[in-house]
Each structure stands twice: as C-alpha cells, then as structure tokens.
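Below are the chains, spelled out letter by letter.
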Amino acid sequence: MNFFDEVGSFFDKAAQFTTHSSGLLATIKECDSSLLLNFPVKIGDAYELIEAYRVHHSAYKSPLKGGIRYSECVTHDEVKALAALMSYKCAIVDLPFGGAKGGIKIDPKKYTIEELERITRRYAFELIKHNYMGPTIDVPAPDYGTSSREMAWIADTYCQLNPKDSNGLGCVTGKPIAMGGIVGRTEATGRGILYAAEEVVACSADMKALGLTVGLEGKKVIVQGLGNVGSHAARFLQEAGALIVGLAEYEGAIYDSNGLDVLDVLEHRKQTGSILNFKKSKNILPSNLLLEYPCDILVPAALENQITVHNASKIMAKIIIEGANGPITPDAEKILLAKNTCILPDIYANAGGVTVSYFEWLKNRAYVDFGRVSKRLDSSNVLAMVHVIEQLTGKKVPQEHQNLLLETSEYNLVNSGLKDTMVNAYRNIRELLRQHPEMQDLRTAAFVYAINKIASQYELRGVFP
C-alpha cells in the first residue's frame, strides 16, 4: 500500500461512522489537482532537470496551506498523501485553510547555497505562473529539508513578480522575523506536541487504563528524529518533567534509562557530527531499533512508515504521539491497538506548525505585530490592578509576579493561542470518542471530526444539496 492509499485507508475506516453520501465522501477523499513540474536550472557549467510537485488536495476553504519539502525521496504519491493530511489537520484545529503540499526531488546537501536559491526561486516562479501560489490561493511553508531561508527566497520572488499585491508577504509562512515572520513559528510543531502530550496524560481514566500515572512528570520518553520537530519536542517535554531516555537520528540512536540531557546531546552532535558515543549512553544501530526500547511515550518525529507490521508487535510504549506525518502504517496500527496502545494521530499531534503559520498569515494581512497596539494599555491596567490588590491586602506583590502579569509579547500571545488550539482540538476529539466508543481509537475519531467539518462546508456552499 502506498502512502496516499494508507491515508485513504484511515479515511475509509472513519467514513463508516458518518452519514454523508458516497459522492461527498469521494470528493473529500480525492485530490483536487496536481502540478507536476520538470524545469531546468543551471548548476555549475551544466543544466540540471529538476523534478518538483505541488498538490491541492481540497479547496473547500481557501487559501490552501501546506509545506514544501526537499528530498530525493519526494514522489507524487507522497505529496498527495501529505496534502490530504493537511486538509484534515486544518479542519481539526479549525483553521480557514484547505490542504496542499509541495516537494522538490533533490538532496539539498548536494548543492551550494547559491544553487539552492536558484532552484527555489525557479520553483516559486513555476508555482506563480500556474496560479498555484498566492496569499489568497495557496500559502506554502517550510517542511523537511527547508527552512525560513527558502521561504524568504520564495516570498521575495512572489513580491518581485506581484509588486501591486499589498498582501504579498502573506504568500508563504515560516519566514524570517525581519521579513514578516512570527516569533515562535520555528519551534511551534514541537511545542504543539508538548501541549498534546500534556492533554493526553491529564485524563486519569485513560492513564489508569494504560497503567500510567497522571501527568508528564517522570514519564520515560523516546524521540525519533532531531530535526526541527523532534529536537524542540524533546526539549519541551524534558522541561515539563519528562525523562528523555532515547534519541534517534539517521546516523544512529542512543539510550540511557537514567535520562539524557537534550541540549547536551545536541551540543555533542554539533561538536562531533553524531549523537553516538554520548557520555554513558548505549549506542543503537540501526537507529530504528530504538523504537522497540522500553518507554512510556514514543514520539516518532522523522518520516513516514517507521512503524510497520515488522516492528509493531515489539513496540513497548504505552502512548505514541505522531510528530511526523504517517509514521504508523494501517496494518501496524491494528497490532498496536490490539495491545491497548494509545495513539495521538498526526492530523492532530503535529498541527502546531500550521496553527502558528495561521497566526503569521493573519499578522501579514493585519500589517501589525501581535500585542503592539494593546501592550502598553494592558500593562497599565495590570499595574493598576496590582496597586488595588496591594492597598486592599496591605501586602506587596513580588516583582517577579508583576513581571509575569506584564508579559503580553508576541511570543507569549502566540504560545497562548497555540495551547488553546491544541487543548480544544484534543478535547473535541476525545469527547467524540467518548460519545461513540464504537470508533475505538483517537485516529478514527479525529478523521470523523475532520470529515464532518469539511462535509459541512461543502453542504453549506450548496455543492451537495
């Protein structure tokens, strides 16, 4: 089964618990359109033909939203699957976006920065030329192999070609702060995983069924992948009281039942080029064997299809939080669910990135930093309240508490909005599962929730009377 069919399998399982017509379900499930590109770029003294894609899964809302990845493993099927997941993800966290995805079939490590810029700008030109990009059409973002650097090149290309578009910087998100980016976007997906983890371990009934205590404190965690998502997720989970016992990267994995300091591991990798041979930790090769080591929470935050029928029965984690897209195959999930494993699906768990991308898009369209207009007024109101409390109680409020009350920065506002989004989304999914236990698992409930949200939009628009 290919990746898009795997996503379709999860969709079909959930669709059984809805009452929508087969035509409407087929409309939601399939991709609206695909752009397959082959364009030449001069690399050195020769021309190289670059293969690239952009897929629009569902334009039930616009603009569409989805990242751009650079990898030699990029295929049309993969991009279709990721675009579909984006549609469901945006519906679950209640964002006004349809789902899209893009990819360029290259290994970015094989090119100079100048060559990567040339490839990126040409890709952006092709998207613009085919009407596949714009602040009200399709808004890309960083993904595997890309960063704010590539988004800056894309934004500049769009603005150069569309000088009269006053919303031009909103054509992409994940940009550098100086180009209209937003504070907190880089670590947003990892922070969203933290908020998802906090929610799932807060339910005493669910934890009792898993044989775990309530809360993150002391929970043993393994994280696969130390890219933008995994490194931040591991750091935030550690700061919240979890014990990071295992970390995996492509060069290998390390495990220490007594815990690993995430920042120390990242510094070790920076100095040596590898996470292996870190202090007293155990080296594990190949790195995917770490998935089978004992832990309470497993966070696969690398690529898709990491847990399959070949290793699912060996997974010891009680909770799996999908930091990556599609890390568990449908057949593997059946094995895990039979073992009473709690799985937080990708279409919810890693929605932090697109949520904060939404905040960046709003910021670009509003032409003002969050908190800038109200920060001074909020500070004055809080200080006045503090003075009233001090007069009524006769006691002085400590300065550190006053400083906390005065923090209305963009960073805190973004994190507050992200947490509220992740908390509400989880509770909606969990409540749906509680009302319909026949759905049996959180992924099915999440897909049902997303399908119902998208279907209602089509019905309201009159597409299906």
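Everything in this summary refers to the structure shown in the same document. (Residues numbered from 1 in each chain as written. Predicted model: local features only at pLDDT ≥ 70, side-chain atom pairs only at ≥ 80, totals over all residues. Heavy atoms only, no water.)

## Digging into helix α4 (residues 113-129)
Counted at 1.5 Å a residue, the expected span for α4 with its 17 residues is 24 Å, and the 24 Å between its end C-alpha atoms agrees. Residues of α4 that are buried: E115, L116, I119, T120, Y123, A124, E126, L127 and I128. Contact partners of the buried residues in α4: β1 (33-43), β2 (46-58), β3 (64-70), β4 (98-104) and α5 (148-161). Directly after α4, the chain includes N131, whose backbone phi takes a positive value near 60 degrees. (Helix = DSSP H or I, 4+ residues; strand = E, 2+ residues; numbered from the N terminus. Expected span 1.5 Å × (residues − 1). Buried < 20%, exposed > 50% of the residue type's maximum accessible area, 1.4 Å probe, protein only. Contact = heavy atoms within 4.5 Å.)

## Details of the nonpolar core
By size, the foremost hydrophobic cluster in this structure holds 91 residues, and its most contacted members are Y88, I92, I319, L344 and Y348. Of the residues forming this core, the biggest block, 11 residues, is contributed by helix α16 (residues 442-461). In this structure, Y348 is in contact with I92, A196, M422, A425, Y426 and I429, ignoring residues within four places of it in sequence. With 27 residues, the next largest nonpolar core counts I50, Y123, W153 and A155 among its residues. (Core = buried A, V, L, I, M, F, W, Y, C linked by side-chain atoms within 4.5 Å.)

## Notes on the packing of helix α1 (residues 3-15) against helix α10 (residues 330-338)
Interhelical geometry of α1 versus α10 gives an angle of 50 degrees and a closest axis separation of 9 Å. Taken together, the axis directions place α1 and α10 in an arrangement best described as oblique. Contacts between α1 and α10 involve E6, S9, F10 and K13 from the first element and P330, E333 and L337 from the second. Here the contact of α1 with α10 is built from residues that sort into 3 nonpolar, 1 polar and 3 charged. (Axes fitted to C-alpha atoms, helices over the stretch in contact; angles between N-to-C directions. Parallel < 35°, antiparallel > 145°, perpendicular 65-115°, else oblique. Nonpolar A, V, L, I, M, F, W, Y, C, P; charged D, E, K, R; others polar.)

## Considering the packing of α1 against helix α3 (residues 76-92)
Packed helix pairs are characterised by how far apart their axes lie and by the angle those axes make with each other. It is the contact of α1 with α3, at a shortest axis distance of 7 Å, that shows an interaxial angle of 30 degrees. Between α1 and α3, the crossing angle belongs to the class labelled roughly parallel. Only D77, E78, K80, A81, L82, A84, L85 and Y88 of α3 make contact with α1, whose side of the interface consists of F3, F4, V7 and F11.

## Remarks on the sheet that holds β3
With respect to topology, 5 strands assemble into an open sheet ordered β1-β2-β4-β3-β5, the strand pairing being mixed. The two strands at the open ends of the sheet, each matched to only one other strand, are β1 and β5 (138-142). The mean inter-strand angle of the sheet, taken between neighbouring strand axes irrespective of direction, is 25 degrees. Here 6 bridges tie β2 to β4, and the two strands are oriented antiparallel to one another. For V55, the partnering residue across the bridge sits in β4 and is K101. Here α3 sits on the sheet and contacts β1, β2, β3 and β4; the angle it forms with β4, its principal contact strand, is near 150 degrees. (Pairing = 2+ DSSP bridges.)

## Examining the sheet that holds strand β9 (residues 282-284)
One open sheet holds the 7 strands; their spatial order is β9-β8-β7-β6-β10-β11-β12, and the pairing between them is mixed. A strand with exactly one partner marks an edge of an open sheet, and here the two such strands are β9 and β12 (342-344). Between one strand axis and the next, the sheet turns through 20 degrees on average, direction left out of account. Alignment of strand β11 (residues 319-321) against β12, held across 3 bridges, turns out to be parallel. Note on β12: the bridge partner recorded for I321 is L344. Against the sheet, helix α8 (residues 228-239) contacts β6 (220-224), β7 (243-249) and β10 (297-300), and its axis sits at roughly 170 degrees relative to β7.

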